[in-house]
Amino acid sequence: MGLFSTILEKLGFGGAQAAPVPEAAAAAAPAVAPAGQAISVVDVVGQLEQKAAANPQKLNWKTSIVDLMKLLDMDSSLGARKELATELGCPADKMGDSAQMNMWLHKAVLARLAENGGNVPADLLD
């Protein structure tokens, strides 16, 4: 199971099977579900806000991939983030700069959560 599937599982997404990463890039426009295929909505924001309120650390999941992974009790080390970035198709030019990779990865994870039926506000996807 990939790291993104772990994220889906921890947030209560159905079978925790991620939608496939588009060939072009994961940052492309959100995928539309095929006609007739229902996607159940998962309250991503509510769950993460609840976890943040219960956490003794002040974690800002809305802007930090490290904090998001910590809230989900996942390894947030550089190695784990690189593995997740590779899994989601991070461009090579961003992989060499951890700050650039982290920003790309945060947006990509939120976009993929939305593609898989998560209620991620548009302002977090821009």
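So, a few notes on the structure that sits alongside this text. Since we're looking at a predicted model, the values are computed, not measured.

1. Details of the nonpolar core
Grouped together as the largest cluster of nonpolar side chains are 33 residues, with contacts concentrated most on Ile7, Leu84, Val109 and Leu113. Taken together, the elements giving at least two residues each to this core come down to helix H1 (3-10), helix H2 (44-54), helix H3 (65-71), helix H4 (78-88) and helix H6 (98-115). Not counting residues up to four positions away in its chain, the partners in contact with Leu84 are Leu3, Phe4, Ile7, Met69, Leu105 and Val109.

2. Some thoughts on H1
Across the eight residues that make up H1, a large majority, six, are buried. Among the residues making up H1, those that are buried are Leu3, Phe4, Ser5, Thr6, Ile7 and Leu8. Phi turns positive, to about 80 degrees, at Gly12, one or two residues after H1.

3. Structural notes on the packing of aromatic side chains
In this structure the tally under the stated criterion is zero aromatic pairs. Across from the ring centre of Phe4, 4.9 Å away, lies the NZ or CZ of Arg112, which sits over that ring.

4. Section: unusual backbone geometry
Phi angles above zero are rare outside glycine, and Asp73 is one such case at about 55 degrees. Tracing the backbone shows Asp73 in the loop between H3 and H4.

The rules we used
Residues numbered from 1 in each chain as written. Predicted model: local features only at pLDDT ≥ 70, side-chain atom pairs only at ≥ 80, totals over all residues. Heavy atoms only, no water. Core = buried A, V, L, I, M, F, W, Y, C linked by side-chain atoms within 4.5 Å. Buried < 20%, exposed > 50% of the residue type's maximum accessible area, 1.4 Å probe, protein only. Helix = DSSP H or I, 4+ residues; strand = E, 2+ residues; numbered from the N terminus. Contact = heavy atoms within 4.5 Å. Phe/Tyr/Trp six-rings, centres within 6.5 Å; stacked < 30°, edge-to-face > 60°. Lys NZ or Arg CZ within 6 Å of the ring centre and 35° of its normal.

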